[in-house]
Every structure is written in structure tokens, then in C-alpha cells.
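# Descriptive structure summary
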Amino acid sequence: MKVIIFVLLAISAVRGVWYDNGNFYQIYPRSFMDSNNDGVGDLKGIAQKLQYVKDLGMTGTWLSPIFKSPMADFGYDISDYTMVQPEYGSMEDFEALIDKANEIDIKIILDFVPNHTSDQHDWFLRSVKREPGYEHYYVWHPGKVVDGKRVPPNNWVSVFRGSAWEWNEDRQEYYLHAFLKEQPDLNYRYQGVVDEMKNVLRYWMRKGVAGFRIDAVPYLFEIAPDSEGNYPDEPLTGSACPNPEDDCYTQHIYTQNQPETWDMVYQWRAVLDDYVKQTNSFARIMMIEAYTPLPNIKYIFTDGHGKEGAQIPFNFELISNVNGKSSAKDFKEHIDAWIDRLPEGYQNNWVMGNHDNKRIASRFGIERADLINILLQTLPGFAITYNGEELALLDVYISWENTIDPAGCRTNSTIYQQYSRDPVRTPFPWNDQKNAGFSNADKTWLPVSPDYKEVNVELQEKYTYSHLKTFRKLTQMRKNEKALQEGHLKMKLIGNDILAYERRIDGTKPSENFVIILNFSGNTHKVNIHQLFPQMSQIYKIEAQSLHITSHKEGDQIDGRNFEVKPNDAYVLRGEASKLYSYLIFFFTFLSAFFNIFVRS
């Protein structure tokens, strides 16, 4: 028996953890699939379409919040962490979704929102009344009196504009809200809150979830109050952001990225790991949303002294710092900046889109949609994709009258498009039928894209080549090709226009390794790949390429010493053995066979 256990452990060690080099897909539940025709996506709809996600080549999918909520911020204002939002379904529907995921071998990851609750959460209602045990669940302050008038404690500003403090008439105090006033911040300096949230994690792991994407982590702690219970003003950013209503008005040195934040991450990881040990179940994963300065990322991974944090602190370098005007040099600098700060022994991750940012086809241009997905799927480590990016969906225009995202609604008709996230959250286009096959309702919660008859899953499945089929080819290569999992990354620039890199394992055949060529410009270049990567071959086979390319097709052989790359072209090239290499392989194979016959005789 001991021998069998040892062998099983050895096999497990070789295979690694289920999430290693994983591909993860974000589903926005309201917009993925509506099963009951009320115009809103739901859990049964996700279950119906989960095979599609599996067929994309995904390891797991994380769902934007499904918890009970009054929907002031579409689920990021939670009124009960252990109940499903009724319009998404029931707990039975969630359990059926887990069963379906287990059946087809894909993991379900939940979006955990720990920084704040809804102002309708029972904890908040009790805290307002100062019920024993709940008095300190939230961050309260009586404010200041200036010229006989009571005003907020300081100049802290909300992400959604305006003061981060809201007066509560019943309690006669202000409460802190980093986001909407309907989203009061929890007080993580109070142990009762810490314990409650750990229990929430355990509750959902018992339901079978594979881990958590944890929202807005840098906001968890604010600086501790002074001896008199007061908080300091934050310094102003100055002329760069002069409007006191805007989030950028202050430098958030007291309200974000406090040292205690990282320890809370380690505590959550310990909860996940302890649960796995106690139940002898599969490993759980933790993904952290942290729009934070790059040097802080190492603290989210580990404290460097044995405490573990998240396996995936989301890497937003290629969301926050590059756009359609960025050069290949810009991309390389931000890729290098992340890799250079990666602690030893941890995996990279790459995020190109999510529910808060413009879609990649809108940010970078439709002609570069495949290029961005090729980049995502051929860099080493984890890849995270927002639903619809595999189809090269564009943002959908939403008028001011139809805008419902609070980030846009809190502005005005002139500037709302700079803030609203509605355009990236519209219903998923499954086919060219009513409401893009998303719902049979007369009206969907957001309008479907007007181009859904030309851009949908069913149509892209029919084409020989499509954005969807290119994406699926990339994910299958990433899953099956060792060089794309373990091969080293060596990047080169051609001027400022082209980013080229190899994914290669030393000592392997040329046909087991790859070169990726990405043209981020409107210029045509002749590329000598052999000169860039001498250890690679001279002849290549095109494994994948941008959809718009007509000069070549997948499977074509090209001469790597004189390869023409046109504007916005992107290629994944497999090394091909030269004739001399093939002759040598044949000769040594023949020699080995002859030697074996001679020895045996």
C-alpha cells in the first residue's frame, strides 16, 4: 500500500497542480445566457453553455458576483454572502452548475468581494444600531465641525467620485465607502469581520468551488486612526487632477496598499490550504484583483518567509499601460517589467481584458484582436480571458439615456462614455436569432450589439477560419505543446514595430519549438528570424496567424531568413527541420538500429 501511495504522489508531482499554466475565462453572469427569458443571464444559462467554455480550452471559469445583492453596482454590493441572487437562480441551480462542471472537468471560481458590503446587508443594519458585536464592523467617524457645520472627517475621495464619507442619520456618524455610498467599507481591524469573511470562503469551498477571484484588495485597509480616532488628509495630486470630486484628486497613500493588506491575503491563502488538507480535496486557487504599483506585486505572492499569498495576482500591465497607439517596444518594456519582478518559483499571468475595461478589439483595433490573443496564449504562465474576446467583440455603444452603470451615471451626458462600463457588459452573441440567442425576452437588461448577425459564435463556427477558431487553436497548442508551457522566453525587437520571441526547450527538435512574430505597426518589414534566433531553424511552418492575412495560410512553410511581415500581422511559427537535419536524424536512427542488431547477435 505504501508503494502505491508513493507512486501516486510521484505521478501527481509530475503532473503538477490542476491550475498550473492554466487558461481561465471570466463569465459575466448577467450577460452570458438567459435560461428563463427575463432578459438577464443566470446560472442555468451558464450551465447550458459550460461545454462551450470547456471546448475553448479553459481550465476554469470565474464568475462575476452571483451573491444576493440590491444591484446598486450589479453584484459588487452584496447583501448576503451565502445566498444566490434570485434573478440568477437558486442554490440548487448553483449546485447543479458545480455538478456540470465536475462532469466535464472544468473548475468554477467565484468572485469574492471582501472590501465592502451592501448598505442593506444585515451586518450594516446592525452596525447602524450599534448592536453589540457589530458596532465596529464598518469604519465609522463622527466627522468634524467647521464653522458650526458638521463635515466629513477628511478629504478622502470615492472611486465613483465625491467624498468617500457618507453621513448616517440613525447612527449620527459618517461611514467610509471607497466605492458607492451603497457600499460601506468593512473594518478589517476588527477581528469579527476577519472571522466572518474566512467563514464565507469555507462555506463556498464546501459547495465545491475551486477558488476565488478577490476583488479590490488594495482598498481593504486604510491607515489606522490616531490616538484621538482621527484620520489624516491625503496629499493632493495638484494640477494633474484639480477637481475635488474626482478619484485622482488625492494621492491614495492612506487608503490603499497598506502593509496590513498583504497579511490579510496570506491569511486567506492559509484558509484555502487548511481546508484542502482537512478535507483531503483538490487544491484551491486564489486570484487577486490589485491595481497596485508593480513593486507591491511580490507581496501578494509571498512574504518571502514562508507565508504564501495568491497564485495569481492579476497582472494588469497590459491593460493599464498600453493601447492601440503603443509600439512593440512599449509592450516589451511592460512584459519585461512584470517578469523582472516575479519572485523565483512563481508563475507569470497575463490579463488583456475584463468587465471594467474596453474590449481588446476596441482598445487595440479589430485588426489586432488576433495579435493580442496570440500574445496572451504564447507568453509563459497563466492566461485570463474575458468572455467574448475570443470572438473579437467590440464595445457596444450605449446612449446616455440607456446607461445604467453607476460609474457612468454619476457623471453627465458629456463625459459618461469615459466612465461607463456598460459597453463591455452587453449580452453574449450566440447566433443570429432574436437577441443574439442570449434571450427570448422582449427586452434584455442591456441592448445586444447591433452587429450580432455578422459576429456570433454559430457563424464563426461555420467558417474555415475565424477569430474563434484561431483562439481555440491557440489554447489547444498551449495545452499540448511543451515549449509553450515550459520553454524559455527570449524576446527581440525589430525597431519599435515588431516584437519577436521564441519559446524553446534546449535539446529538443526544431519542430517542438516556436517563434512568435507580432507587428504592432502599419509598416511592412522583412524579417530574418534565423538571425534573431540562431538556435532555431531556418524553415518554419505557420501554425496560427491573424485572420486578416491573405498572403499565407495555416500549414504553409516559410523561409525564416526572408519573411515578409505586413502591418498588424501576427504569426505563431513552428520550427521545421532542414534537409541536412533530417538526413542526420535518419542516419543516426539507422546507425542505432544497426548497432542494436549487432549487439543482440
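Keep in mind the model is a prediction, meaning the values are calculated, not measured. (Residues numbered from 1 in each chain as written. Predicted model: local features only at pLDDT ≥ 70, side-chain atom pairs only at ≥ 80, totals over all residues. Heavy atoms only, no water.)

## Some details on the packing of aromatic side chains
Note the following rule: Side-chain rings of Phe, Tyr and Trp, where Trp is taken by its six-membered ring, are said to pair if the distance between their centres is within 6.5 Å; with planes under 30 degrees apart they count as stacked, over 60 as edge-to-face, and otherwise as tilted. Secondary structure follows DSSP: runs of H or I at least 4 residues long count as helices, runs of E at least 2 residues long count as strands, and numbering of each begins at the N terminus. We call a residue buried when its accessible area falls under 20% of the maximum for its residue type, exposed when it is over 50%, and partly exposed in between, using a 1.4 Å probe and counting protein chains only. Sitting over a ring, as applied to charges here, requires NZ of Lys or CZ of Arg to be within 6 Å of the ring centre and within 35 degrees of the ring normal.
Applying the stated criterion across every chain yields a total of 45 aromatic pairs. With a centroid separation of 5.8 Å and an interplanar angle of 25°, the aromatic rings of Trp-156 and Trp-165 are classed as stacked. Consider the rings of Tyr-188 and Phe-221, whose centres lie 6.0 Å apart with planes at 50°: the pair is tilted. Here Phe-221 lies in the loop between β11 (211–214) and α7 (259–279) and Tyr-188 lies in the loop between β10 (173–176) and α6 (191–206), a separation of 33 residues in the sequence. The same class applies to Tyr-188 and to Phe-221, which are both buried. A cation over an aromatic ring shows up here: Arg-30 above the ring of Trp-445, its NZ or CZ 4.6 Å from the ring centre. A cation sits over an aromatic face here: Lys-107 above Trp-18, 5.4 Å from the ring centre.

## Things to note about the state of the cysteines
Selection rule: In plain terms, two cysteine sulfur atoms within 2.5 Å form what is called a disulfide here.
Considering all chains together, one arrives at one disulfide under this definition. Across the disulfide from Cys-241 sits Cys-248; the S-S distance is 1.9 Å. Measuring the twist about the S-S bond at about 65°, one finds the Cys-241-Cys-248 disulfide to be right-handed. Relative accessible area serves as the criterion here: at 5%, Cys-241 is assigned to the buried category.

## Some points on the sheet that holds strand β5 (residues 107–112)
Strand-to-strand pairing in sheets goes through backbone hydrogen bonds, with the strands running parallel or antiparallel. For the record, the criterion: Whether two strands pair comes down to DSSP finding at least two bridges between them. When checking whether two residues touch, look at their non-hydrogen atoms; a contact exists if any pair is within 4.5 Å. Lines fitted to C-alpha atoms define the axes, with helix axes restricted to the stretch in contact, and inter-axis angles between N-to-C directions lie between 0 and 180 degrees.
Across the sheet, eight strands lie side by side as β13-β12-β11-β5-β2-β1-β15-β14; this open sheet has parallel pairing. Across the chains shown, the open sheet's two edge strands, defined by having one partner strand only, are β13 (312–313) and β14 (349–351). One ladder, built from four bridges, connects strand β2 (residues 60–63) with β5; its direction is parallel. Following the sheet pairing, Gly-60 is matched in β5 by Lys-107. Against the sheet, α6 makes contact with β5 and β11, and its axis sits at roughly 160° relative to β5, the strand it touches most.

## A closer look at the layout of surface pockets
Short version of the rule: For each structure, a 1 Å grid was placed over the protein atoms alone; sets of points admitting a 1.4 Å probe that cannot get out are labelled cavities, open sets with protein on both sides within 12 Å along at least five of seven lines are labelled pockets, and lining residues have an atom within 4 Å of a point. Grid points are joined across faces, edges and corners, and a volume is the space filled by probe spheres set on the points. Asp, Glu, Lys and Arg are counted as charged, while Ala, Val, Leu, Ile, Met, Phe, Trp, Tyr, Cys and Pro are counted as nonpolar; the rest, among them Gly, fall into the polar class.
By volume, the largest pocket amounts to about 1400 Å³. Together, 44 residues line the largest pocket, and Val-159, Asp-356, Asn-357, Tyr-419 and Arg-421 are the ones closest to its centre. Of the residues assigned to the lining of the largest pocket, the class counts are 19 nonpolar, twelve polar and 13 charged.

## Quick word on the packing of helix α12 (residues 369–378) against helix α15 (residues 467–480)
When two helices pack together, their arrangement is given by the angle between the helix axes and by the axis-to-axis distance. This is how the line gets drawn: In what follows, roughly perpendicular refers to angles from 65 to 115 degrees, roughly parallel to angles under 35, roughly antiparallel to angles over 145, and oblique to any angle outside these ranges. Handedness of each helix crossing follows the sense of rotation of the near helix against the far helix: counterclockwise by less than a right angle gives left-handed, clockwise gives right-handed.
Interhelical geometry of α12 versus α15 gives an angle of 10° and a closest axis separation of 10 Å. Put simply, α12 runs roughly parallel to α15. In the crossing of α12 with α15, the sense of the turn from one axis to the other is right-handed. Counted together, Asp-370, Asn-373, Ile-374, Leu-376 and Gln-377 of α12 and His-467, Thr-470, Phe-471, Leu-474, Thr-475 and Arg-478 of α15 form the full contact between these two elements. Along the lines of polarity and charge, the residues of the contact of α12 with α15 split into four nonpolar, five polar and two charged.

## Here's the deal with the pairing of β2
The alternating pattern of β2 places Gly-60 and Trp-62 on one face and Thr-61 and Leu-63 on the opposite face, and all of these are buried. The pairing of strand β1 (residues 23–27) with β2 spans four bridges and is classified as parallel. For Tyr-25, the partnering residue across the bridge sits in β2 and is Thr-61.

## A word on α7
The condition that has to hold: A helix is expected to reach a length of 1.5 Å times the quantity of its residues less one.
Between the first and last C-alpha of α7 there are 32 Å, a value that for 21 residues agrees with the 30 Å anticipated at 1.5 Å per step. Of the surrounding elements, those touching the buried residues of α7 are β5, α6, β11, β12 (285–288) and α8 (297–301). Positive phi appears at Asn-280, one or two residues downstream of α7, with a value of about 55°.

## Some words on the pattern of salt bridges
Formally: We count a salt bridge whenever a side-chain nitrogen from Lys or Arg sits within 4 Å of a carboxyl oxygen from Asp or Glu.
The tally for this structure, following the rule as stated, stands at 34 salt bridges. Notably, a salt bridge pairs Asp-506 with Arg-504, separated by 2.6 Å at the nearest N-O pair. A relative accessible area of 55% means that Asp-506 is categorised as exposed. Overall, the relative accessible area of 7% leaves Arg-504 in the buried class. The residue Lys-541 makes a salt bridge to Glu-543 at a minimum N-O spacing of 3.4 Å. On the accessibility criterion, Lys-541 (27% relative accessible area) is partly exposed. Each of Lys-473, Glu-481, Lys-541, Glu-543, Glu-554 and Arg-574 takes part in one network of salt bridges that share partners.

Coordinates in, geometry out; function isn't part of it.
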